[in-house]
Amino acid sequence: MNNALQLANVIPLHASEASSFLFEGNTFFDLYERLLQSAPDFIYTVNSNGFFSFVNSRSAELTGYNRNELVEMRYLDIVA
């Protein structure tokens, strides 16, 4: 299935839908987090020591580790 089609089913892609989501008491941070968590890609940040400081939900699915395990690991532990 096309990733764009999958993504369209999970997150608001039209401005009016995003406005509705925000009107329901959510913040832009909530919307941004929803976008990150529902993305079909491995999205992460690492700190200056190379450890994950953020991983999205898809990261756990792709690696087989849960999110708590991943944030205790270094990027090189996954790709090496």
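Quick look at the structure, then. (Residues numbered from 1 in each chain as written. Predicted model: local features only at pLDDT ≥ 70, side-chain atom pairs only at ≥ 80, totals over all residues. Heavy atoms only, no water.)

Here we come to the pairing of strand β2 (residues 52–55). Inspection of the sheet shows strand β1 (residues 44–46) paired to β2 by three bridges, in the antiparallel sense. Bridged to threonine 45 within β2 is phenylalanine 54. (Pairing = 2+ DSSP bridges. Helix = DSSP H or I, 4+ residues; strand = E, 2+ residues; numbered from the N terminus.)

Tallied over the entire structure, the rule returns five aromatic pairs. Taking 6.0 Å as the distance between ring centres and 35° as the angle between the ring planes, the aromatic pair formed by phenylalanine 42 and phenylalanine 52 counts as tilted. With phenylalanine 42 in the loop between α3 (28–38) and β1 and phenylalanine 52 in strand β2, the pair connects residues that are ten residues apart, well separated along the chain. The class for phenylalanine 42 is partly exposed, based on a relative accessible area of 25%. Here the aromatic rings of phenylalanine 52 and tyrosine 75 are separated by 6.4 Å at their centres, their planes lie at 70°, and the arrangement is edge-to-face. (Phe/Tyr/Trp six-rings, centres within 6.5 Å; stacked < 30°, edge-to-face > 60°. Buried < 20%, exposed > 50% of the residue type's maximum accessible area, 1.4 Å probe, protein only.)

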